[in-house]
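Take a look at the letters that make up each chain.
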Amino acid sequence: MPRFRIPALVAAMGVLASCSPGDAPVGEESPEPAETMTDPPEEFREGFETQSGLTLPSDAENPEIEGTRLEGERPYYELRFATTRGGAEVFCTADNLGTYRGGGGPTDEEYELFSVREDVEDIEMIVECTGAHPSDGRVDREALVVLPEEGLADPGGEPDAEDAAVVYAYTVELPNR
């Protein structure tokens, strides 16, 4: 099961900003812990797609979506699914997403943030897709596409749309400040 790292990261950022570990900045309350949503899985998919403006490709396999509410109200969804390189490209070419190719595997920070399951030595390359929702700048969305070495349709050849890919993504509504 994927673990949520954003709530911990948000809480940690609040602690760092306060300059006194464990206390909220003067005049601000400590953030409430993340509350796990108990919606049925199909509602998580709808919630993810509605909030993020991203749609799972038609060849998405075994989608896993979980959700929490940060500070009791801000939805945070985390997603993982298997697809082809072509399906990942469809997902990452949505409006207002920038795409960045990375050599090798994810950084330690990316492993933690996206709860990546593949071992770094089994990854041919990664692609990051990031950007705010095109019509709601308060919604952040990020994806990490992992292209496993063993999933290449033509090992040693040029990458093509039939290569296997695993997509990790999250979307979160940013706080009003």
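A few points on the structure. Please read these numbers as outputs of a predicted model, since none were measured by experiment.

1. Structural notes on the state of the cysteines
- Counting across every chain of the model gives 1 disulfide.
- Here Cys-92 pairs with Cys-129 through a disulfide, and the sulfurs are 2.0 Å apart. Judged by the sign of its S-S torsion, about 95°, the bond between Cys-92 and Cys-129 is right-handed. Here Cys-92 is found in helix H3 (residues 85-92), whereas its partner Cys-129 is found in strand S5 (residues 123-132), with 37 residues between them in sequence.
- Overall, Cys-92 belongs to the buried group, its relative accessible area being 4%.

2. Observations concerning the environment of Tyr-76
- Looking at the secondary structure, you find Tyr-76 in strand S3 (residues 74-84).
- Owing to a relative accessible area of 0%, Tyr-76 belongs among the buried residues under this scheme.
- Sequence separation between Tyr-76 and Gly-47 is 29 residues; the distance between their C-alpha atoms is 9.5 Å.

3. Thoughts on the nonpolar core
- Membership of the largest hydrophobic core comes to 22 residues, with the highest contact counts inside it found for Phe-48, Leu-79, Phe-91, Cys-129, Ala-143, Val-145 and Val-167.
- Elements represented by at least two residues in this core include exactly helix H2 (41-52), S3, H3, S5, strand S6 (139-148) and strand S7 (164-173).
- Once residues lying within four places of it in the same chain are set aside, the contact partners of Val-167 are Leu-79, Arg-80, Phe-81, Thr-83, Ala-88, Phe-91, Ala-143, Leu-144 and Val-145.
- Grouped together as the second largest cluster of nonpolar side chains are 14 residues, Phe-114, Ile-123, Ile-126 and Leu-144 included.

4. Here's the deal with a negative patch on the surface
- Residues Asp-119, Glu-121, Asp-122, Glu-124, Glu-149 and Glu-150 make up a contiguous surface patch of negative charge.
- With respect to the helices, strands and loops of the structure, Glu-149 is situated in the loop between S6 and S7.
- Judged by its relative accessible area of 44%, Glu-149 falls in the partly exposed class.

5. A few points about H3
- All of the buried residues in H3 are Arg-85, Gly-87, Ala-88, Phe-91 and Cys-92. Taken end-on, H3 shows its buried residues confined to a sector of 160°, consistent with a single buried face. Facing away from the buried side of H3 by more than 90 degrees, the exposed set consists of Glu-89 and Val-90.

6. A closer look at unusual backbone geometry
- Positive phi, normally seen in glycine, also occurs at Asn-62, with a value near 50°.
- Its location among the elements puts Asn-62 in strand S2 (residues 61-70).
- Its identity is not glycine, yet Glu-71 carries a phi of approximately 55°, on the positive side.
- Relative to the helices and strands, Glu-71 resides in the loop between S2 and S3.
- You can call Glu-71 partly exposed: its relative accessible area is 24%.

The rules behind these values
- Residues numbered from 1 in each chain as written.
- Predicted model: local features only at pLDDT ≥ 70, side-chain atom pairs only at ≥ 80, totals over all residues.
- Heavy atoms only, no water.
- Disulfide = S-S within 2.5 Å.
- Helix = DSSP H or I, 4+ residues; strand = E, 2+ residues; numbered from the N terminus.
- Buried < 20%, exposed > 50% of the residue type's maximum accessible area, 1.4 Å probe, protein only.
- Core = buried A, V, L, I, M, F, W, Y, C linked by side-chain atoms within 4.5 Å.
- Contact = heavy atoms within 4.5 Å.
- Patch = residues over 30% accessible without salt bridge, like charges linked within 9 Å, V, L, I, M, F, W, Y side chains within 5 Å.
- Areas by Shrake-Rupley, 256 points an atom, 1.4 Å probe, with all protein chains shown as cover.
- Salt bridge = Lys/Arg side-chain N within 4 Å of Asp/Glu carboxyl O.
- Lys, Arg positive; Asp, Glu negative; His and termini not counted.
- Charge placed at Lys NZ, Arg CZ, Asp CG, Glu CD.
- Arc of directions from axis to C-beta.

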